[in-house]
Amino acid sequence: MTRPFEVGVVVRDLELMERFYCDTIGCRAEHRSRVPASVGGPAGLGGELVVVWLRVPSGGCVKLILSRSEQVSAPVSAHTARVPTGRPGLSYLTFHLDDLDPVVAALPAAGARPLSDPVVVLARGRRISFWADPEGNAVELVDTRGGDPGPGHSN
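Just so it is clear, the model here is predicted, and its values are computed rather than measured.

Attention now goes to the overall build of the protein. The helix and strand inventory of the protein stands at three helices and nine strands. In the protein, 55% of the contacts between residues at least 6 apart in sequence involve partners at least 24 apart. With the model as given, the accessible surface of the protein reaches about 8,700 Å², and the carbon-plus-sulfur share is 53%.

So, in structure tokens, the structure goes:
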């Protein structure tokens, strides 16, 4: 491999998802471009695409992909968005953080919802939290410091 890993997430509301992954998760928008239908079609992503590359601070990239031919006029509510059901395929994106507490505190206001109760659990010496982003994609946050999950949380 010659470059850090990239993952693509097909989105319905590009601006909403860019704000979520940049302002709340901590990614940085690095590049935005239009991809012609001659590339988007064979990739199985519809026709012309708009792609935003988000740099993950620890390396790698999340590409937010919007199909221009299948834009949805209204954003999807976190309450009606899909939730992974253990089916084969991509289950969730994992972000490793120095301190997940400030991110977890900011997620509800950013349109995310927790996928478990308690929100933060202790597993194998790590604090972990699973969330649905504003469009229902699952996001795992991992705080390798471990320790006490704090009030209102469980191990």
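Taken residue by residue, the protein gives an average pLDDT of 83. The fraction at 70 or more is 80%. For the protein, the element scoring lowest by mean pLDDT is helix α2 (residues 37–40), at 82; helix α1 (residues 14–25) scores highest, at 97. Confidence over residues 72–81 falls short of pLDDT 50; this stretch has 14 contacts with residues more than four positions distant or in other chains.

This paragraph deals with the environment of Ser-69. Along the chain, the position of Ser-69 falls in the loop between β4 (61–67) and β5 (93–97). For the pair Ser-69 and Ala-37, spaced 32 residues apart in sequence, the C-alpha to C-alpha distance is 9.4 Å. Excluding residues within four positions of it along the chain, Ser-69 makes contact with Gly-46, Gly-47 and Glu-48.

Okay, α1 next. Counted at 1.5 Å a residue, the expected span for α1 with its 12 residues is 16 Å, and the 15 Å between its end C-alpha atoms agrees. Counting buried positions along α1 gives nine out of 12 residues, so the element sits mostly inside the fold. Elements in contact with the buried residues of α1: β2 (28–35), β3 (49–55), β4, β5, α3 (101–106) and β9 (138–143). Capping the start of α1 is the job of one residue whose side-chain oxygen sits 3.4 Å from the backbone nitrogen of Glu-15: Asp-13.

In this section: the layout of surface pockets. Looking at the largest pocket, its volume works out to about 350 Å³. Taken together, 18 residues make up the lining of the largest pocket; nearest its centre are Val-56, Ser-58, Gly-59, Thr-94 and Phe-95. When residues of the lining of the largest pocket are traced back to their parent elements, those giving at least two are β4 and β5. It is β5 that contributes the most residues to the lining of the largest pocket, five residues altogether. Classifying every residue of the lining of the largest pocket by side-chain character gives 11 nonpolar, six polar and one charged.

This part takes up the pairing of β3. In summary, the side chains of a regular strand alternate between the two faces of the sheet. Taken across its seven residues, β3 has six buried, putting it largely inside the fold. Note: β2 against β3, seven bridges, orientation antiparallel. Pairing of His-31 across the sheet is with Trp-53, part of β3. Relative to β4, β3 is paired through seven bridges, and the arrangement is antiparallel.

Parameters and conventions
Residues numbered from 1 in each chain as written. Predicted model: local features only at pLDDT ≥ 70, side-chain atom pairs only at ≥ 80, totals over all residues. Heavy atoms only, no water. Helix = DSSP H or I, 4+ residues; strand = E, 2+ residues; numbered from the N terminus. Contact = heavy atoms within 4.5 Å. Areas by Shrake-Rupley, 256 points an atom, 1.4 Å probe, with all protein chains shown as cover. pLDDT = per-residue confidence, 0-100. Expected span 1.5 Å × (residues − 1). Buried < 20%, exposed > 50% of the residue type's maximum accessible area, 1.4 Å probe, protein only. Polar contact = N/O pair within 3.5 Å; in protein donor to acceptor, adjacent residues only side chain to side chain. 1 Å grid on protein atoms, 1.4 Å probe; cavity = no way out; pocket = protein on both sides within 12 Å on 5 of 7 lines; lining within 4 Å. Points joined across faces, edges and corners; volume = space filled by probe spheres on them. Nonpolar A, V, L, I, M, F, W, Y, C, P; charged D, E, K, R; others polar. Pairing = 2+ DSSP bridges.

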